[in-house]
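# Working through the structure, step by step
Each chain is listed here by its residues.
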Amino acid sequence: MAKQPMLKFVTVDRDMPEKRGATVRKKDFHEIYAEFADEKAKEQASRCSQCGVPYCQSHCPLHNNIPDWLRMTATGRLEEAYQISQATNTFPEICGRICPQDRLCEGNCVIEQSGHGTVTIGAVEKYITDTAWEQGWVQPITPATERSESVGIIGAGPGGLAAADHLRRAGVQVTVYDRYDRGGGLLTYGIPGFKLEKDVVMRRMEQLEQGGVTFKLNCNVGEDISFADIRKAHDAVIIATGVYKSRDLQGPGSGAKGIVRAIDYLTASNRLSFGDTVAEYEDGTLNAEGKKVIVIGGGDTAMDCVRTAIRQGAESVKCLYRRDKANMPGSQREVQNAEEEGVIFEWLAAPKGFKGDPVNGVVVQKMRLGMPDASGRQAPEVIEGADYTESADLVIKALGFEPEDLPALWDQPELTVTNWGTVRAQYGSGETELDGVYAVGDIVRGASLVVWAIRDGRDCADAILARLNGVKKIAAE
């Protein structure tokens, strides 16, 4: 967080004689805001019922000690609240901003369940850590002793960075390899800045670099360096690549100009926030300004796209989803935010084809929900004869992500994958069938949450430290 400006002082002449000529303190906006934020944080934290069974904590993937740091916040002991928060979470200010709290801690708050509205846990978590950065409570990474062992991490997303932080604090030498020009993975290029400010991510990157983590960016494993060479260079390797292969659309006209991938669209928008020149934005390919935008999908990525398009000045933004609102995989809070910003949702609607090249319309087929499928969700069924066309100048495909074929890309046929293409790894440690090779985050779980990647990275780092120390780590329950 930027440092607050100096407080201003003015001389005023008041009606009361004793006030004439006195120098009084005039609070600027930043101080007023800070006082308001502090008051709101204490107010919300004091609502915590300190229940005997903290469901908020049990439903947090990191099992953060939420009741304790809420109690510290309520009594004004913010530094202690931060210490408790960061003990289990490597990046609490990031989770406070982007975790789907409505599905995790806040959604399972006892007060929420009783109908009185949840404690805003995420907002308090964000406030605690932002204050810690501002006050200098966030300690640099300074290992007590340096170790000779090294670990190579492929991927600078949340899972890889969490593992890097944990290992480096233990004195292990850490090198992170990433294909992009900046670290952070989806935190940097996948999540819009209005949800996660990029200086918040870069601040953590700077902390890791100053703490001795080596970053090799613009490094594409399999092209610029082989996986075999990375294994030779390190005592252990962590695969934390995430999943970036976009699911595609079929149907007539699906290859038309103006139909783009969500990851390309969001990356372009985020690059602009860094001041980068993005040719495909400037030529209109990845720019929604003045356009009728259709986003296809119902997850959090789709919500990021529709809300980004609104901010770029789109003429209209519609989201097509083949199920109903109750069955959306994304956060209901994000849907509500999008609706308030003017996004129109077309429920039970799926693309059948596309018109024009460049695209000028989406042929939509209406759906209904039938019997539950293997996942337990009601399967969408086509309503015959109910097709219609939606006008569109830009169509964004946000259908989710799949893992790349790493064994083929890296010439590692021994790297075992599941039927879904994710790397097969031991739960709790991330250990794969290749000796000394681990895997964490989405490349193991499939597209999942940042908080789960952080959990995996921390657990994997503990398993590697146990291995380096000659101790067999028991898989987490």
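Just so we're clear, the structure is a prediction, and the values are computed from it rather than from any experiment.

Looking only at helices and strands, one finds 18 helices and 18 strands in the protein chain. Relative to a compact globule of 477 residues, whose C-alpha radius of gyration would be 23 Å, the protein chain shows 25 Å and is just as compact. Along the three orthogonal principal directions, the C-alpha set of the protein chain runs to about 80 × 65 × 50 Å. Counting the 477 residues in the protein chain, one finds 50% classified as buried. Element-wise, carbon and sulfur atoms account for 49% of the exposed surface of the protein chain, whose accessible area totals about 22,200 Å². Counting 55 positive and 68 negative side-chain charges, the protein chain places the averaged centre of each group 2 Å from the other.

Moving on, we come to the environment of K40. Its place among the elements puts K40 in helix α1 (residues 29-45). On the accessibility criterion, K40 (31% relative accessible area) is partly exposed. Distance from K40 to V124, taken between C-alpha atoms, is 8.6 Å for residues 84 residues apart in sequence.

Moving on to the sheet that holds strand β10 (residues 316-320). Sheet architecture is open: five strands sit in the order β8-β16-β9-β10-β11, paired in parallel fashion. The outermost strands of the open sheet, each flanked by one partner alone, are β8 (259-261) and β11 (344-346). Adjacent strand axes in the sheet meet at a mean angle of 25°, parallel and antiparallel pairs treated alike. The sheet strands contacting helix α12 (residues 262-273) are β8 and β16 (394-397), and the helix crosses β8 at an angle near 75°.

Looking now at unusual backbone geometry. Only a minority of non-glycine residues have a phi that is not negative, and only a minority of peptide bonds are not trans. At the junction of D357 and P358, the peptide bond is cis and its omega measures out at 10° in the coordinates. Relative to the elements of secondary structure, P358 occurs in the loop between β12 (349-355) and β13 (361-372). Positive phi is not limited to glycine here, since L348 has a value of about 50°. Mapped onto the elements, L348 comes out in the loop between β11 and β12.

A separate point is the packing of aromatic side chains. This model, assessed by the stated rule, comprises five aromatic pairs. Between Y189 and F274 the ring centres are 6.2 Å apart and the planes differ by 70°, which places this aromatic pair in the edge-to-face class. Taken together, the residues Y189 in helix α9 (residues 186-189) and F274 in the loop between α12 and α13 (279-282) connect sequence positions 85 residues apart. Accessibility expressed as a relative area gives 2% for Y189, which makes it buried. Pairwise contacts between aromatic rings join Y180, Y189, Y244 and F274 into one cluster. Over the ring of F194 we find R311, and its NZ or CZ is 3.8 Å from the ring centre.

Reading the values: rules and limits
- Residues numbered from 1 in each chain as written.
- Predicted model: local features only at pLDDT ≥ 70, side-chain atom pairs only at ≥ 80, totals over all residues.
- Heavy atoms only, no water.
- Helix = DSSP H or I, 4+ residues; strand = E, 2+ residues; numbered from the N terminus.
- Rg over C-alpha atoms; globule rule 2.2 N^0.38 Å.
- Buried < 20%, exposed > 50% of the residue type's maximum accessible area, 1.4 Å probe, protein only.
- Areas by Shrake-Rupley, 256 points an atom, 1.4 Å probe, with all protein chains shown as cover.
- Lys, Arg positive; Asp, Glu negative; His and termini not counted.
- Charge placed at Lys NZ, Arg CZ, Asp CG, Glu CD.
- Pairing = 2+ DSSP bridges.
- Axes fitted to C-alpha atoms, helices over the stretch in contact; angles between N-to-C directions.
- Contact = heavy atoms within 4.5 Å.
- Phe/Tyr/Trp six-rings, centres within 6.5 Å; stacked < 30°, edge-to-face > 60°.
- Lys NZ or Arg CZ within 6 Å of the ring centre and 35° of its normal.

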